[in-house]
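Structure assessment
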Amino acid sequence: MPIIDNSDEHYLQKHPLHDSLFLSTSNELNHVDLGPIFICKKEWLIQIIDNLESYHNATLGRRLAHSSLNHSLNLDYNKWKPKNSIFQFIMKKRILESFESWANNRVNLGRGHVTVISWPYSFHIQNPLMVSIEVGEICAFVQSVIGRSLRYQWRDDGGNNASITFEPIDVPISDEIHFLKTELNASTVAIDIDDGTGWPNSDGVPLCVIPTNVMKEFYRTMHELPETEITDPLIQKSESKSSIDDILCLSACKASSNESQRYILDTVEQIESWFSNRIESFGFGKLRTINLENNSFNVSFDSFIPWPIIGGIFLDSWQRNSGLLGKLTNIDVSDIHTNMSVISRREIAEFDE
């Protein structure tokens, strides 16, 4: 079972996450082990997924687990793997110690405490972030240690406890590691994380670290779902935009609306400051340009996560500042570069007349 440090010194330590983060030369937020990542509030992420499942009237946990596993398979676990031993009982002990060390470290990323029930096929998670995300991560690590492919299933009580079981399957597992080391940018990463170890917090609010590739893969698999009719879309209709984009934007906007903080976005400088503090510093994207005119504005940015999420966050902050209902228009997406306008629905109605 993971050892938890309850000493007073624990609360005076700088959180380990600080020294694990850096910016790439393309200004993406990176973690030394996970590669490109973004950081968000735990409850915000949970609300987005809950909103998505509600709008789709479907459970998306298997897609999240698949996305998490696919990304985690490409990580380099060499720093965690135990040294080989000719004695089986010593080797098993080393493997369990290796797993416990890895499992204890991942709590610093905003994950639950994992304990072994029956190695390597049964585990318990206490206080999980989202069981589906954690299942993929645990499955990838266990596969890397035992060298066999696994099928997973899980149960949870909807709260602080979950159980995972694995069973081996006859599918080849690749030993090749595709993890790419990112070129370091000398810029300092400044994120408000409370001192201490364990689950990261900002002013007592739980945070979590999510690899951007997990969210990109999840976004891709969502497009396999059937189109859903949106009665009040937030994105202007076009041939290149699907209902998935609208639902993801709506889910992010609704999740963000539950946050208590309100931002003033009346000038270009205020919007630039908001983007820096709310989007860039947490690894969501990088601002390019902003043009402000009356009650609407056009923004151009590089999106490191699916662009409708940033669009939803943007729209919520704009609506709360202006007191108007808004809509995203003139959307142009090319690779990671996104250009879009935000305009009030009143003005849209005037244009339609």
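This write-up is about the structure you can find in this document. Position numbers for residues start from 1 in each chain and track the written sequence from start to end. The model is predicted, so local features are restricted to residues of pLDDT at least 70 and side-chain atom pairs to those at 80 or more, both for listing and for counting; the totals for chains, interfaces and linings are taken over all residues. As a rule here, side-chain values cover all heavy atoms of the structure and leave hydrogens and water aside.

**Things to note about the packing of helix α2 (residues 61-72) against helix α4 (residues 131-146)**
To keep things clear, this is the line we draw: Between N-to-C directions, angles cover 0 to 180 degrees, with each direction set by a line fitted to C-alpha atoms, over the stretch in contact for helices. Think of it this way: any DSSP run of H or I at least four residues long counts as a helix, any run of E at least two long counts as a strand, and we number them from the N terminus. If you view the pair so one helix is near and one far, a crossing is left-handed when the near helix is turned anticlockwise from the far one by less than a right angle, and right-handed when it is turned clockwise. In this description, contact between two residues means that some pair of their heavy atoms is separated by no more than 4.5 Å. Nonpolar residues are Ala, Val, Leu, Ile, Met, Phe, Trp, Tyr, Cys and Pro. Charged residues are Asp, Glu, Lys and Arg, and all others, Gly as well, are polar.
Running from N to C, α2 and α4 cross one another at 35°; their axes reach a closest spacing of 7 Å. In this structure, the crossing between α2 and α4 has a hand that is right-handed. Residue-level contacts link Gly61, Leu64, Ala65, Ser68, Leu69 and Ser72 of α2 to Ser132, Ile133, Gly136, Glu137, Cys139, Ala140 and Gln143 of α4. Class assignment for the residues of the contact of α2 with α4 results in six nonpolar, six polar and one charged.

**A short note on helix α6 (residues 243-256)**
We count it as follows: A helix is expected to span 1.5 Å multiplied by its residue count minus one. Three exposure classes are used, based on accessible area relative to the maximum for each residue type with a 1.4 Å probe and protein chains only: buried under 20%, partly exposed in between, and exposed over 50%.
For α6, with 14 residues, the first-to-last C-alpha span of 20 Å sits near the 20 Å given by 1.5 Å per residue. For α6, the buried fraction is high: 13 of the 14 residues fall into the buried class.

**Let's talk about the sheet that holds strand β5 (residues 122-126)**
Inclusion rule: Strands are labelled as partners when DSSP assigns at least two bridges between them.
As summarised here, the arrangement of the four strands in space is β4-β5-β7-β6, forming an open sheet in which the pairing is antiparallel. Only two strands of the sheet have a single partner each, and these edge strands are β4 (113-118) and β6 (149-156). Sheet twist, expressed as the average angle between the axes of neighbouring strands with direction ignored, equals 25°. Where α4 meets the sheet, its contacts fall on β4, β5, β6 and β7 (161-169), and the angle it forms with β6 comes to roughly 150°.

**What to know about the packing of helix α1 (residues 42-56) against α6**
Note the threshold: An angle below 35 degrees is treated as roughly parallel, one above 145 as roughly antiparallel, one from 65 to 115 as roughly perpendicular, and anything else as oblique.
Here α1 crosses α6 at 135°, and the two axes come no closer than 8 Å. When the axes of α1 and α6 are compared, the pair comes out oblique. In this structure, α1 crosses over α6, and the sense of that crossing is right-handed. Of α6, the residues touching α1 (which contributes Trp44, Gln47, Ile48, Asn51, Leu52, Tyr55 and His56) are Ile244, Ile247, Leu248, Leu250, Ser251, Ala252, Lys254, Ala255 and Ser256. Grouping the constituent residues of the contact of α1 with α6 by class yields 10 nonpolar, five polar and one charged.

**Section: the pattern of salt bridges**
Keep this limit in mind: Salt bridges are counted wherever a side-chain nitrogen of Lys or Arg sits within 4 Å of a carboxyl oxygen of Asp or Glu.
Throughout the structure, instances matching the rule amount to 13 salt bridges. In this structure, Arg106 engages Glu134 in a salt bridge whose closest nitrogen and oxygen atoms are separated by 3.1 Å. Of this pair, Arg106 sits in helix α3 (residues 88-106) while Glu134 sits in helix α4, and the two are 28 residues apart along the sequence. What makes Arg106 buried here is its relative accessible area of 3%. Measuring nitrogen to oxygen at the nearest pair gives 3.5 Å for the salt bridge that ties Glu259 to Arg278. With a gap of 19 residues between them, Glu259 in the loop between α6 and α7 (268-280) and Arg278 in helix α7 connect regions that are remote in the sequence. Residue Glu259 is classed as buried on the basis of its relative accessible area, which comes to 14%. Here Arg278 falls in the buried class, since its relative accessible area comes to 10%. Bridged by salt links that share partners, the residues Arg63, Glu217, Arg220 and Glu224 form one connected network.

**Remarks on the nonpolar core**
Side chains of nonpolar character tend, in soluble globular proteins, to be buried together. What counts, and what does not: Residue types Ala, Val, Leu, Ile, Met, Phe, Trp, Tyr and Cys, when buried and joined through side-chain atoms within 4.5 Å, form a set referred to as a nonpolar core.
Within the largest apolar cluster, 57 residues are counted, with the highest numbers of intra-cluster contacts made by Leu45, Leu52, Phe284, Val299 and Phe314. Here the element with the most residues in this core is α6; it accounts for eight residues. Non-local contacts of Leu45, meaning those with residues more than four positions away in its chain, are made with Cys40, Leu129, Met130, Ile133, Cys208, Ile210 and Met215. Leu23, Ala103, Trp119 and Phe123 belong to the second largest nonpolar core, which has 39 residues in total.

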